[in-house]
Each structure stands twice: as structure tokens, then as C-alpha cells.
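# What the coordinates show
Chain residues, written in single-letter form:
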Amino acid sequence: MLRFFQTAFLCLLLTVGLNSASGFSLLGPFAQDFSGSVWQVPRIGYALGGDLGGPMNLGEEYRWNIKTVTYGFDSTFIAYFGQRGIDEVDKAVKILNSLPPVSRMSADLHEFPTDTRRYNQQAAALNLIDLRSAALGILLEEMGLAAPERYVWCLRSRVVLPNNAGTNYSVIMRNFDPVTTEPTRYVNGTLYTYTVVEPAGPDISDAIETPVDPLAPSFTAVAGYSELGLIYGQYYNGLTRDDVGGLRYLYRKKNINPENLLPDTVPGARNSPWTPVGSGTNAVSTNLLVNTALRPGVEKIVFKKMKNWAKIGPIIAKTNHYTDVYLDGRGRLRKQKTQRALVDPADPSGATGMPDILFSAADLGINAAGYLPLYLRTDTTSWENNAGLNTQSPFGAAG
């Protein structure tokens, strides 16, 4: 009986350790301090080539507060990648759309694997990057997730001691456990340590993460695809536990934040979620919308593809009608009918659509290192900072 108790107790310890060995990071515009100065700068490892933004602290997250996010393909993408390219992006979208509402996930997220990478030898020999996997990682960025393995450890400051006696670094963590929300050194079960290095000479320093166990699966998160997670020939067949954990933190209904509506939102009163632009405009209510309010997470984002004229022409403009949910001054849930006209502002006719996320193809030129970049994404400078709504302190600077 004693031996059985000891075995059961050991299994319990292992189970608890496994459930907490996970982490996610949050993406946003490069962070500022209370004075308004941006401190996430290249000198201490941020805003490097290809970076969209920097890691946020808890409570500083950026997210969508609408349930339907649109995407589409312009003529350059269609001409270069063709229907097969569109199909691959659609497959990435299907992975996200197949997720259940985050409140229906298990507490420890055990239903999701910790490594979804697979390997194609022929693609590796041809130096090919999987389009579906790249699109999946890009979409996770647009949903508010950063590369967790990169931001387990981060530099906050660098001080050179007098007479060149050495250099001191302040190190912080920007990786959080999806169950406890505590800072964690783990991502998908792998423990990471770091070494502060200055790989580009005296102008750049960074805390470089490495797995404590060199044989452990490392850099597995799909949200970290742009780091060491996705190489030639590799592809993802789904999201990992920690990718899903980050989405759950962002979009759970108990994550209530003061937020504005999207800037292009106007009152609406139609029942159908999708109509052509220009139809039903007489149904628009003249009542003012409640713009700034406490809003819960939407629980699940659904990506919807906008269509092209004759499948190869410009994107067709549409209007998205949806119901916004917010809390009133007494904490009661309220609903209001809203709509967004998804039109290209550059087209005066109003017939060309502009989705929330647009996939294009182009000659991307040469990067600073002299290589051809694999992809470019718009950065986070246009993301709306609601910090002023979330704190009455003058020190709020992000989120």
C-alpha cells in the first residue's frame, strides 16, 4: 500500500508539472514607458528585421472585438500562386475556424498537441517554405500572439559600467502560462534558459533562448513560425497547445476590457450578416452607437473569405452586419446592431472590396542582410492603443 501511495504521488507531481509547462506571448506595437518613450528598441533586441511589434505584458494585449474577420486575395496573389495557393491559405483558415469557443476547451488544454511539425524531404531539398504554415503563423500574429520562445526572456535595460568594467542587463519575462497566467520558462513542455549576447557588434544585444535539454523539441509554437520554428521542408498540421492557450487568454469572455469599436463601424439593423455594399442603406439606424465600453472576449474568431470578380478580378465590396456585445454601467450585457462596409477607399465607385487581411504577392526586394525575404507583413503601428481607457493612471502606455 505504501509503494502504491508513493507511485500515485509521483504521478500526481508529474501531471501537475506537465500541465504548467506551457506558455504564450502577446504581440503589440513596440512598448513605451510611462514617459511615452519607446523602450523596445534594437539596442536591446527589439524592432529587428521583420519584427511587427514587441511582446506585451498581461493586461496590455491587443485583440479583435468582432467575431468575423475577413480575408481575401488580390490579383497579384492569384496570378502568382493560383488556385492552389488560395487553397493552402484556406486550409490554414480552416484550422483556426475549426477551433471551439475558448470557454469549451479543457482547463489544461490536454486535447491539443505540443508539437505539430511534420517534414517533407522533397520540399526541404528544393528549399521550399510551406505556404499554409506561413499563412497560419501570420494569422496568429494578426490575432494578437507573438513568438513565445523568443520572449521567454527579454532585455529591459543595458548599462555599461564606468571604465568599461562590464555591462549589466535587466532581464524580464514576457511568456505566460495559459492556465495560471504566471510568467513561465516553458513553451509546449520544453524548458528554456538564455544567454545575453551581442551578435551584431556593439549596437545590438539580446537574451537568446536555448532549451535546457538539447534533445527536447524546441521552437514548436506556430506563433513562432518566423523564428526557428519553420524551416525548409517543415510544415504544421495544426496548432499547438500553447498557441491555443494564448488565444484562450485573449478571447475568453471573462477577459473584459474597455475598448472602442473599430473605426469604420456604423449603426446597422439588418438580420443578414452579409449584403452587397449599397443595399439596405435605408435600414441604417440614426441612433448613436455605444463606442467606448467594457467588452468581453468574443470567444471565437471566424475568418470569412471575400470573393473576387470572376474569381480573378478585384475583390467584391461587401457590408458585414453583426451584433456588438458590451457591458453597461451596471455590469449588464447589452447588444447593439452594427455594420462595417468593407470597401477599398482608393476606389471612388465603392465596388472594390478591402478585407481585414489581404494576401498579395510581389518582388519583396533585398533585406538588410542581402537576402530575399520570404514574406513581409504590415506592422502593428496602426493597432489601436486603448491604454487610456484601461487605466486612470498617467503611466499606462500599452494595450
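Residues numbered from 1 in each chain as written. Predicted model: local features only at pLDDT ≥ 70, side-chain atom pairs only at ≥ 80, totals over all residues. Heavy atoms only, no water.

In this fold, glycine 313 is placed in the loop between strand E16 (302-305) and strand E17 (318-327). Assessed through its relative accessible area of 14%, glycine 313 is described here as buried. Each C-alpha atom, one on glycine 313 and one on phenylalanine 73, is 9.6 Å from the other, the two residues being 240 residues apart in sequence. (Helix = DSSP H or I, 4+ residues; strand = E, 2+ residues; numbered from the N terminus. Buried < 20%, exposed > 50% of the residue type's maximum accessible area, 1.4 Å probe, protein only.)

So, about the pairing of strand E3 (residues 68-73). Among the six residues in E3, five count as buried, and that is most of the element. The sheet contact formed by E3 and E16 spans four bridges and is parallel. If you follow threonine 70 over to E16, its bridge partner there is lysine 304. Pairing analysis gives three bridges linking E3 to strand E19 (residues 357-359), with the strands arranged parallel. Bridging across to E19, phenylalanine 73 finds its partner in phenylalanine 359. (Pairing = 2+ DSSP bridges.)

With antiparallel pairing, the three strands of this open sheet are ordered in space as E8-E9-E10. Edge positions in the sheet fall to strand E8 (186-187) and strand E10 (206-211), since each has one partner strand and no second. In terms of strand pairing, E8 meets strand E9 (residues 190-197) through two bridges, oriented antiparallel. Along E9, the bridge assignment pairs tyrosine 186 with leucine 191.

As a further point, take helix H2 (residues 75-97). Here H2 spans only 25 Å end to end across 23 residues, well under the 33 Å set by a 1.5 Å rise per residue. The largest bend along H2 reaches roughly 105° and is located at phenylalanine 81. The set of residues buried in H2 consists of Phe77, Ile78, Gly82, Gly85, Ile86, Val89, Asp90, Ala92, Val93, Ile95 and Leu96. Those residues of H2 that are buried are in contact with E3, helix H4 (131-142), E16 and E19. (Expected span 1.5 Å × (residues − 1). Bend = angle between axes of the 7 residues up to and from the residue. Contact = heavy atoms within 4.5 Å.)

Attention now goes to the packing of H2 against H4. H4 packs onto H2 with a crossing angle of 60° between their chain directions and a minimal axis gap of 8 Å. Classified by the interaxial angle, the pair formed by H2 and H4 is oblique. Note on packing geometry: the crossing formed by H2 with H4 is right-handed. Listed contacts from H4 to Phe77, Phe81, Gly85, Glu88, Val89, Lys91, Ala92, Val93, Ile95 and Leu96 of H2 are Leu131, Arg132, Ala135, Leu136, Leu139 and Leu140. Its residues assigned to classes, the contact of H2 with H4 shows twelve nonpolar, one polar and three charged. (Axes fitted to C-alpha atoms, helices over the stretch in contact; angles between N-to-C directions. Parallel < 35°, antiparallel > 145°, perpendicular 65-115°, else oblique. Left-handed = near helix turned anticlockwise from the far one by under 90°. Nonpolar A, V, L, I, M, F, W, Y, C, P; charged D, E, K, R; others polar.)

Moving on, we come to the sheet that holds strand E5 (residues 145-146). Here we have three strands laid out as an open sheet, ordered E2-E1-E5, and antiparallel in their pairing. The open sheet has two edge strands, strand E2 (54-56) and E5, and neither has a second partner. In terms of strand pairing, strand E1 (residues 25-28) meets E5 through two bridges, oriented antiparallel. Bridge pairing in E5 links leucine 26 to leucine 145.

Among the secondary structure elements, alanine 134 is positioned in helix H4. Once the C-alpha coordinates of alanine 134 and alanine 92 are considered, the two residues, 42 residues apart in sequence, prove to be 8.7 Å apart. Those residues in contact with alanine 134 that lie beyond four places of it in its chain are Tyr225, Leu230 and Tyr375.

Further remarks concern the packing of aromatic side chains. Under the criterion given, the structure shown has 14 aromatic pairs. Where phenylalanine 73 meets phenylalanine 77, the ring centres are 4.9 Å apart and the plane angle is 40°; that geometry is what we call tilted. For the pair shown, phenylalanine 73 and phenylalanine 77 are each scored as buried. Taking 5.5 Å as the distance between ring centres and 40° as the angle between the ring planes, the aromatic pair formed by tyrosine 225 and tyrosine 375 counts as tilted. Of the two residues, tyrosine 225 is situated in helix H5 (residues 225-229) and tyrosine 375 in the loop between E19 and helix H7 (387-390); the sequence distance between them amounts to 150 residues. Relative accessible area serves as the criterion here: at 1%, tyrosine 225 is assigned to the buried category. Every member of this aromatic cluster is reached through a ring pair, and the members are Tyr71, Phe73, Phe77, Tyr80, Phe81 and Phe359. Between the NZ or CZ atom of arginine 156 and the centre of the ring of tryptophan 39, over which it lies, the distance is 4.1 Å. (Phe/Tyr/Trp six-rings, centres within 6.5 Å; stacked < 30°, edge-to-face > 60°. Lys NZ or Arg CZ within 6 Å of the ring centre and 35° of its normal.)

Looking now at the side chain of threonine 220. Take threonine 220: it is sitting in the loop between E10 and H5. In this structure the side chain of threonine 220 is engaged in a polar contact, spanning 3.3 Å, whose partner is the backbone oxygen of threonine 114. (Polar contact = N/O pair within 3.5 Å; in protein donor to acceptor, adjacent residues only side chain to side chain.)

With that out of the way, let us pick up the side chain of asparagine 386. Relative to the elements of secondary structure, asparagine 386 occurs in the loop between E19 and H7. By relative accessible area, which is 10% here, asparagine 386 ends up buried. A distance of 3.3 Å separates the side chain of asparagine 386 from the backbone nitrogen of asparagine 260, its partner in a polar contact. If near-sequence neighbours (up to four positions away) are discounted, asparagine 386 is found in contact with Pro258, Glu259, Asn260 and Gly399.

Here we take up unusual backbone geometry. What is expected of a backbone is that most residues other than glycine have negative phi and most peptide bonds are trans. You will see that asparagine 164, though not glycine, has its phi angle at about 55°, which is positive. The backbone of glutamate 299 shows a phi angle near 75°, a positive value even though the residue is not glycine. For glutamate 299, a relative accessible area of 12% corresponds to the buried category.

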